[in-house]
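Structure assessment
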Amino acid sequence: MSRDIFVQDIPEGISRVDEIADDWRAQPLPLDHAEVVAAVRELAPGADTTDPEWMLVALPGVDVEVNAKDESPLMSFALHVRAADKGAADAWVRRLLDRLGVRAFDPEHETGIFQP
């Protein structure tokens, strides 16, 4: 399984991409780059964060590349997921999103929004 998940501001209360108003504009995320790096290190202590804009997480059955630019304000970041174990991948992504208090777009999900 391979997919890309895009973390950015998503309007409160929506459960499907098609519910987003045409005139809606994303706001900066309520966190900064350093918080993303810290969360990755906390949830995957063995992650390769040598390049903190392109972090590599290797877990049993799951590889995630976390691509987060060191910019302010932080508007978005991406998770490039490759996994033999979809459940384990979804669980790790959910923990990261919950830890950061954000939501994400998931083009592979029928709603367009990440939902494990």
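Above: the structure in question.
The text that follows walks through the structure, step by step, so that each part is easy to find. (Residues numbered from 1 in each chain as written. Predicted model: local features only at pLDDT ≥ 70, side-chain atom pairs only at ≥ 80, totals over all residues. Heavy atoms only, no water.)

Moving on, we come to helix α2 (residues 86-100). With 15 residues, α2 should reach 21 Å at 1.5 Å per residue; the first-to-last C-alpha distance of 21 Å fits that figure. The complete set of buried residues in α2 reads A89, D90, W92, V93, L96, L97 and L100. Take α2 and look down its axis: the buried residues cluster within an arc of 165°, on one side only. The inward-facing, buried residues of α2 contact β1 (2-8), α1 (33-43), β2 (54-59), β3 (62-67), β4 (76-83) and β5 (104-105). Phi turns positive one or two residues past the end of α2, at G101, with a value near 70°. (Helix = DSSP H or I, 4+ residues; strand = E, 2+ residues; numbered from the N terminus. Expected span 1.5 Å × (residues − 1). Buried < 20%, exposed > 50% of the residue type's maximum accessible area, 1.4 Å probe, protein only. Arc of directions from axis to C-beta. Contact = heavy atoms within 4.5 Å.)

Within the largest apolar cluster, 30 residues are counted, with the highest numbers of intra-cluster contacts made by V36, V66, F77, L79 and W92. In this view, W92 contacts V40, L43, A44, V57, L59, V64 and V66; residues no more than four positions away in its chain are not counted. Judged by nonpolar contacts, the second largest core, of five residues, contains I10, I14, I20 and F105. (Core = buried A, V, L, I, M, F, W, Y, C linked by side-chain atoms within 4.5 Å.)

Considering the arrangement of structural elements, one finds I10 in the loop between β1 and α1. Placed 95 residues apart in sequence, I10 and F105 show a C-alpha to C-alpha distance of 8.2 Å. When near neighbours in sequence (up to four residues on either side) are disregarded, I10 contacts W24, R103, A104, F105 and I113.

Our next topic: the packing of α1 against α2. Close contact between α1 and α2 brings their axes to 10 Å; oriented N to C, the two are set at 135°. Comparing their axes, α2 and α1 come out oblique. The handedness of the crossing between α1 and α2 comes out as right-handed. In this structure, α1 uses E35, V36, A39, V40, E42 and L43 to contact α2, whose residues at the interface are W92, R95, L96, R99 and L100. (Axes fitted to C-alpha atoms, helices over the stretch in contact; angles between N-to-C directions. Parallel < 35°, antiparallel > 145°, perpendicular 65-115°, else oblique. Left-handed = near helix turned anticlockwise from the far one by under 90°.)

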